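# Observations on the model geometry
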Amino acid sequence: MFTWIKGNSNTLILTLYPNNITLNSSAAIYFQNVRWCMIGTDHENLKLAIKPVTKEEIDMHLVDTEQLHKVSIGKGYGRISNKMVINEISVLLNRTIDCIKIHAYYDETSNMLIANLNDEIHN
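This section reports on the structure supplied with the text. Note that residues are indexed from 1 along each chain, following the sequence as it is written. Side-chain atom pairs in this predicted model are given and counted only at pLDDT of 80 or more, local residue features only at pLDDT of at least 70, and totals for whole chains, interfaces and linings cover all residues. Side-chain measures here rest on the full set of heavy atoms in the structure, leaving out hydrogens and waters.

## Considering the overall build of the protein chain
Helix and strand labels come from DSSP, where a helix needs a run of H or I of at least four residues and a strand needs a run of E of at least two; each type is numbered from the N terminus. Secondary structure summary: the protein chain contains three helices and nine strands in total. When the helices and strands of the protein chain are placed in sequence order, the string is β-β-α-β-β-α-β-β-β-α-β-β. Here the C-alpha atoms of the protein chain give a radius of gyration of 15 Å, agreeing with the 14 Å that 2.2 N^0.38 yields for 123 residues. Along the first, second and third principal axes, the C-alpha set of the protein chain runs to 55 × 30 × 25 Å. Residue exposure (1.4 Å probe, protein chains only): buried if accessible area is under 20% of the type maximum, exposed if over 50%, otherwise partly exposed. Each of the 123 residues in the protein chain was classed as buried or not, and the buried ones make up 39%. Every residue pair with non-hydrogen atoms within 4.5 Å of one another is taken to be in contact. Here the contacts in the protein chain between residues at least 6 apart in sequence split such that 60% fall between residues at least 24 apart. Calculation of accessible area relied on Shrake-Rupley with a 1.4 Å probe; when residues are assessed, cover is drawn exclusively from the protein chains displayed. Just so you have it, the protein chain exposes about 8,000 Å², and 51% of that area is on carbon and sulfur atoms. When the 11 basic and 13 acidic side-chain charges of the protein chain are each reduced to a single mean position, those positions are 10 Å apart. Just to be clear, the radius of gyration here is over C-alpha atoms, and the globule rule we use is 2.2 Å times residues to the power 0.38. The positive count covers Lys and Arg only, the negative count covers Asp and Glu only, and His and the chain ends enter neither. Charge positions come from single atoms, namely NZ of Lys, CZ of Arg, CG of Asp or CD of Glu.

Right, here's the structure in full:
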């Protein structure tokens, strides 16, 4: 009897680096049609949320432009470069950020990519 090993081709993964958040290709799909996002933290539950923001939402003033972060989409990844955000996450986790991989899921109801910062992937 075989036990099948879980693949990661459909797994949503965020990687926290000292200067950016990188989304793997599965996570980046949710941001392929936008260039901006909002990032929030839930200090009580140690969660990180990334919400795609459309041009229409910006044009209609539905979001505070001071809360926007640029999303860069490459071949097979997405990246949000913002040292200040990483510093906030570092304080939240009370540790240095250096290549921390975290599982995420996309909440269709709230239209947000959510990562439990306690759900670190250990290699």
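## Re the side chain of His-69
With respect to the helices and strands, His-69 occurs in strand E5 (residues 68-70). Side chain to side chain, His-69 and Asn-82 meet in a polar contact 3.1 Å long. When neighbours within four sequence positions are excluded, His-69 is seen to be in contact with Arg-35, Trp-36, Cys-37, Met-38, Ile-39, Ile-80, Asn-82 and Val-85. Residues adjacent in sequence count toward polar contacts only when both atoms are side-chain atoms; beyond that, a polar contact is any pair of N or O atoms within 3.5 Å, and within protein one must be able to donate a hydrogen and the other to accept it.

## Some words on the packing of aromatic side chains
Within 6.5 Å between ring centres, the rings of Phe, Tyr and Trp (the latter by its six-membered ring) count as paired, and their orientation is classed by plane angle as stacked under 30 degrees, edge-to-face over 60, tilted in between. Under the definition given, this model contains two aromatic pairs. A centroid spacing of 5.7 Å and a plane angle of 25 degrees characterise the contact between Phe-2 and Trp-4, whose relative ring orientation is stacked. By relative accessible area, Phe-2 is classed as exposed at 66%. For the ring pair Tyr-30 and Tyr-106, a centre distance of 3.8 Å and an interplane angle of 0 degrees mean the geometry is stacked. Of this pair, Tyr-30 sits in the loop between helix H1 (25-28) and strand E3 (36-42) while Tyr-106 sits in strand E8 (residues 100-107), and the two are 76 residues apart along the sequence. Residue Tyr-30 is classed as partly exposed on the basis of its relative accessible area of 31%. Using a relative accessible area of 12% as the deciding quantity, one classes Tyr-106 as buried. Between the NZ or CZ atom of Lys-70 and the centre of the ring of Trp-36, over which it lies, the distance is 5.5 Å. For a lysine, the NZ atom is tested; for an arginine, the CZ atom; a charge sits over a ring if that atom is within 6 Å of the ring centre and within 35 degrees of the ring normal.

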